[in-house]
Amino acid sequence: MTEHKNPSETGDALIVDGLCKRHGRVQTLENVSLALKPGERMALLGHNGAGKTTLMKLILGLWSPSAGQISVAGAVPGSSEARRASAYLPEAVAFHRALTGREQLTLFARLAGAPVKSVDGLLERVGVADAADRRIGTWSKGMRQRLGLAQVLLGKPRIALLDEPTSGLDPISRHDLYAIIDEMAQHGTAVLIASHALTEVEARTDRIAIMRKGRVVADDTLARLSARAELPIRLKLTAQNDDASEVHARLGGKRINGASVELLCSPENKMERLAHIAALGDLVVDVEMAPPSLEDLYRHYSGEDRT
Ligand SMILES: Nc1ncnc2c1ncn2[C@@H]1O[C@H](COP(=O)(O)OP(=O)(O)OP(=O)(O)O)[C@@H](O)[C@H]1O
């Protein structure tokens, strides 16, 4: 029997428990459970159609679940308490093109019951203060995305749901956006980030949840997911005089090009393997070591490396 968790006991900002969603005859979510603590940043990964947006819409109370429960800071999704406690940044932010940035954010502040005097500071914080009095229709995608984040920050939410927040942004804008997300988390907001940008969420989140065909197939820290998957470490060796024939003959592995060999080894055998390499002396001029990346883990848990 499932024991329902009580947020006031666990201190979680979000609890999703045994959630199921059917769309007609299609089961879109199947027994999804996860929890987010205040200040935690969770990446929500999964192939197209895995159910990430569906989960967010259920948390926002836009759709009703077929079964299971959700608690948003102790409140039922869609209730006024839950709305006050949560904020959403959709993948494609839509604003009134004829309004200026300042007008649009002021309107949102009024609707959210947030102080209008916070608008200027927020426009400054997300880096669009210079354009604040220009119509949003003239803004770039990155600027609109920043304004979307200002909207998320308005009510100091307990939980922020960000759907592909950096899609279409340049590297500097991405970096700025994550700096703002970090700051939100430091102030206690739990942040759920649906993303396909594995490299950036790898560095900027505390936990990773991977969805596959409507189910959560992994949910843990990167380090623990990595340990459980037991994926190999890659060692890339560069040979003396750009000729890896001798190194390959002595150690095996895969020839990458004329000068390099790649070896795979388990974390436990790493030191032993390095000792073998060191024993070759000058034959090896460089060793690069790469632990499994989030992309490797994603392939593993989402079932892509299995048939
Ligand atoms: N209104 C709907 N009616 C019927 N099926 C739907 C509806 N909305 C979503 N689905 C189905 O639910 C499944 C999950 O879709 P969802 O949009 O949640 O995936 P996603 O993980 O967010 O994908 P993406 O990465 O492409 O945004 C898909 O099979 C989709 O076709």
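Residues numbered from 1 in each chain as written. Predicted model: local features only at pLDDT ≥ 70, side-chain atom pairs only at ≥ 80, totals over all residues. Heavy atoms only, no water.

### Quick notes on the site of the ligand
Here is the rule: We call a residue near a given molecule or strand whenever any one of its heavy atoms falls within 4 Å of it. Nitrogen and oxygen atoms within 3.5 Å of one another constitute a polar contact, given that in protein one can donate a hydrogen and the other can accept it, and given that sequence-neighbouring residues count only through two side-chain atoms. Note that accessible areas follow from Shrake-Rupley with a 1.4 Å probe, and for residues the cover is restricted to the protein chains shown. Every helix listed is a DSSP run of H or I at least four residues long, and every strand listed is a run of E at least two residues long, numbered separately from the N terminus. Amino acids are sorted into nonpolar (Ala, Val, Leu, Ile, Met, Phe, Trp, Tyr, Cys and Pro), charged (Asp, Glu, Lys and Arg) and polar (every other residue, Gly among them).
Around the ligand sit His23, Thr28, His47, Asn48, Gly49, Ala50, Gly51, Lys52, Thr53, Thr54, Trp63 and His196, and that is every residue in its neighbourhood. Here alanine 50 contributes a backbone N or O atom positioned 3.1 Å from an oxygen atom of the ligand. Residue glycine 51 places a main-chain N or O atom 2.9 Å away from an oxygen atom belonging to the ligand. About the coverage of the ligand: the protein hides 58% of its 640 Å² of free accessible area. Take the shell around the ligand: its biggest share by element is three residues, from helix α2 (residues 52–59). Here the shell around the ligand is built from residues that sort into two nonpolar, nine polar and one charged.

### A short note on helix α5 (residues 118–125)
For clarity, the cut-off: Relative accessibility decides the category of a residue: with a 1.4 Å probe and only protein chains considered, values under 20% of the type maximum give buried, values over 50% give exposed, and everything between is partly exposed. Read the arc as the range of directions from the helix axis to the C-beta atoms. Note on contacts: a residue pair qualifies if any of its non-hydrogen atoms lie within 4.5 Å across the two residues.
Listed in full, the buried residues belonging to α5 are Val119, Leu122 and Leu123. Buried residues of α5 fall within an arc of 100° about the axis and therefore sit on the same side. Against α4 (101–112) and α6 (141–154) lie the buried residues of α5. A positive backbone phi angle near 80° is found at glycine 127, which sits one or two residues after α5.

### Quick look at the environment of histidine 187
Relative to the assigned elements, histidine 187 resides in the loop between α7 (171–186) and β7 (190–194). Take histidine 187: its relative accessible area is 67%, and that puts it in the exposed class. Engagement of the side chain of histidine 187 in a polar contact is seen with the backbone oxygen of glutamate 183, the distance being 2.9 Å.

### Here we look at the nonpolar core
Put simply, the rule reads: In this text, buried Ala, Val, Leu, Ile, Met, Phe, Trp, Tyr and Cys residues form a nonpolar core when linked through side-chain atoms within 4.5 Å.
In this structure, Leu45, Leu105, Leu149, Leu162 and Ile181 are the most contacted members of the largest nonpolar core, which totals 48 residues. Excluding anything up to four places from it in sequence, isoleucine 181 contacts Leu162, Val191 and Ile193. Residues Leu34, Met42, Leu44 and Ala75 belong to the second largest nonpolar core, which totals 28 residues.

### A closer look at the sheet that holds strand β1 (residues 14–23)
For clarity, the cut-off: A pair of strands counts as paired when DSSP detects no fewer than two bridges linking them. Only the stretch in contact is used when fitting a helix axis, every axis being a line fitted to C-alpha atoms; angles between N-to-C directions are given from 0 to 180 degrees.
Overall, antiparallel pairing links the three strands, which are arranged β2-β1-β4 in an open sheet. Strands with a single pairing partner mark the edges of an open sheet, and in this sheet they are β2 (26–36) and β4 (67–72). Averaged over all pairs of adjacent strands, the angle between their axes in this sheet comes to 20°, without regard to strand direction.

### A look at the UniProt feature "domain: ABC transporter" (unreviewed entry) in the chain
Defined as follows: UniProt positions are given in the numbering used here, feature names are shortened, and annotations may be inferred rather than shown by experiment.
Mapped onto this numbering, the UniProt entry gives "domain: ABC transporter" (unreviewed entry) at residues 14–238. The distance from the first to the last C-alpha atom of residues 14–238 is 48 Å, and the span holds 35% helix and 29% strand.

### Some remarks on the pattern of salt bridges
Operational definition: By definition, a salt bridge exists where a carboxyl oxygen of Asp or Glu is found within 4 Å of a side-chain nitrogen of Lys or Arg.
The full count for this structure, using the stated rule, is 18 salt bridges. With a shortest N-O distance of 3.2 Å, lysine 37 and aspartate 12 are connected by a salt bridge. Here the residue lysine 37 occupies a position in the loop between β2 and β3 (41–46), and aspartate 12 occupies one in the loop between α1 (7–10) and β1, the gap between them amounting to 25 residues. On the basis of relative accessibility, which here comes to 7%, the residue aspartate 12 falls in the buried class. Here the residues in one salt-bridge network are Arg41, Asp182, Arg204 and Asp206, joined through shared partners.

### Here we look at the packing of α4 against α6
How two helices sit against one another is set out by the angle between their axes and by the gap between those axes. Definition in use: Note that the term roughly parallel is reserved for angles under 35 degrees, roughly antiparallel for angles over 145, roughly perpendicular for angles of 65 to 115, and oblique for everything else. By definition, any crossing whose near helix is turned counterclockwise from its far helix by less than a right angle is left-handed, and any crossing with a clockwise turn is right-handed.
Following both chains from N to C, one finds α4 and α6 inclined at 25°, their axes separated by 10 Å at the closest point. Relative to α6, the element α4 is oriented roughly parallel. As for how α4 packs across α6, the hand of that crossing is right-handed. Here Gly101, Gln104, Leu105, Phe108 and Ala109 of α4 lie close against α6, whose contacting residues are Leu147, Ala150, Gln151 and Leu154.

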